[in-house]
Amino acid sequence: QQPVQSPQAVILREGEDAVINCSSSKALYSVHWYRQKHGEAPVFLMILLKGGEQKGHDKISASFNEKKQQSSLYLTASQLSYSGTYFCGTDRRGNDMRFGAGTRLTVKP
Amino acid sequence: SAVISQKPSRDICQRGTSLTIQCQVDSQVTMMFWYRQQPGQSLTLIATANQGSEATYESGFVIDKFPISRPNLTFSTLTVSNMSPEDSSIYLCSAEQGYGYTFGSGTRLTVV
């Protein structure tokens, strides 16, 4: 079953922060986050395997609340290069990734 | 992480014909996945392909329409058979190595 992402779209100025949320109605094995730029393939950002785990990558970090079956992606001090569509992917059995509808992020100068 | 070479990158095909998409991985991977993505939309899983066994198809996708081969741990093909304009989409292969999925560059298929 496809996870639910929100918001659908975000427009930011450089340096501003954003949060993208992802939730599932099913128990999760893992949560993935990907970014896809126009005309390109999705690129892996990070994976969260344990409940409550928080991972970071430069100014992009994520949390995973296993009990609530929710994950959030935090983008701080956004840069122009952060623009793209962000997808969360949820995996219930370790071999069946389902992707959310995506959040289109636009960072303006 | 793995690097996946996917071809063709794009094709325009006549309805009723078939197209085979190939993906070559630069390292051995147990599982490969095939997705379809309409422009501006999310990725929809078509099937999971393990080496040496039949692919597992998701609801709404059948083997006769989307036959998949996985002859070894570094290669897979997806065939889109008896194409119609509704098959126009971007098709992506993917492989998982325990720390996220790597995607091929995609095949943009247009059926006329």
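Scroll up for the structure.
Bear in mind that the values here come from a model prediction, so they are computed numbers and not experimental data.

Let us now look at the state of the cysteines. Counting across every chain of the model gives 2 disulfides over all chains. A sulfur-sulfur distance of 2.0 Å marks the disulfide that ties Cys22 of chain A to Cys88 of chain A. Negative torsions about the S-S bond denote left-handed disulfides, and the value of about 70° found for Cys22 of chain A with Cys88 of chain A makes this one right-handed. You can see Cys22 of chain A sitting in strand S3 (residues 18–23) and its partner Cys88 of chain A sitting in strand S9 (residues 84–91), a full 66 residues away along the chain. Residue pairing for Cys23 of chain B: its cysteine sulfur links by disulfide to Cys93 of chain B, the two sulfurs lying 1.9 Å apart. Where Cys23 of chain B bonds to Cys93 of chain B through sulfur, the torsion about that S-S bond is close to -95°, and the disulfide is left-handed.

What describes a pair of aromatic rings is the distance from one ring centre to the other and the angle between the planes of the rings. Evaluation of the coordinates by the stated rule reveals 9 aromatic pairs over all chains. Ring plane angle 65° and centroid distance 5.6 Å describe the contact between Tyr34 of chain A and Phe44 of chain A, whose orientation is recorded as edge-to-face. With Tyr34 of chain A in strand S4 (residues 30–36) and Phe44 of chain A in strand S5 (residues 43–48), this residue pair connects regions lying 10 residues apart in the sequence. Residues Phe99 of chain A and Phe103 of chain B carry aromatic rings whose centres are separated by 6.1 Å and whose planes lie at 55° to one another, so their mutual orientation is tilted. Taken together, the residues Phe99 of chain A in strand S10 (residues 98–99) and Phe103 of chain B in strand S10 (residues 101–103) connect one chain to another. Pairwise contacts between aromatic rings join Tyr34, Phe44 and Phe99 of chain A together with Tyr35 and Phe103 of chain B into one cluster.

Before going further, it helps to examine the interface of chain B and chain A. Across the contact, 18 residues belong to chain B and 18 residues belong to chain A. Across the interface of chain B and chain A, roughly 1,400 Å² is buried in total on both sides, 57% from carbon and sulfur atoms. Along the contact surface separating chain B from chain A lie 1 salt bridge. In this structure, Arg98 of chain A engages Glu58 of chain B in a salt bridge whose closest nitrogen and oxygen atoms are separated by 2.5 Å. One can count 6 residue pairs in polar contact (both at pLDDT 80 or more) joining chain B with chain A. Ranked by residues supplied to the side of chain B that touches chain A, first place goes to strand S4 (residues 31–37) of chain B with 4 residues. Tallied by class, the residues present in the side of chain B that touches chain A amount to 9 nonpolar, 8 polar and 1 charged.

Calculation rules
Residues numbered from 1 in each chain as written. Chains lettered and ligands numbered in written order. Predicted model: local features only at pLDDT ≥ 70, side-chain atom pairs only at ≥ 80, totals over all residues. Heavy atoms only, no water. Disulfide = S-S within 2.5 Å. Helix = DSSP H or I, 4+ residues; strand = E, 2+ residues; numbered from the N terminus. Phe/Tyr/Trp six-rings, centres within 6.5 Å; stacked < 30°, edge-to-face > 60°. Contact = heavy atoms within 4.5 Å. Buried area = accessible area lost by both parts, 1.4 Å probe. Salt bridge = Lys/Arg side-chain N within 4 Å of Asp/Glu carboxyl O. Polar contact = N/O pair within 3.5 Å; in protein donor to acceptor, adjacent residues only side chain to side chain. Nonpolar A, V, L, I, M, F, W, Y, C, P; charged D, E, K, R; others polar.

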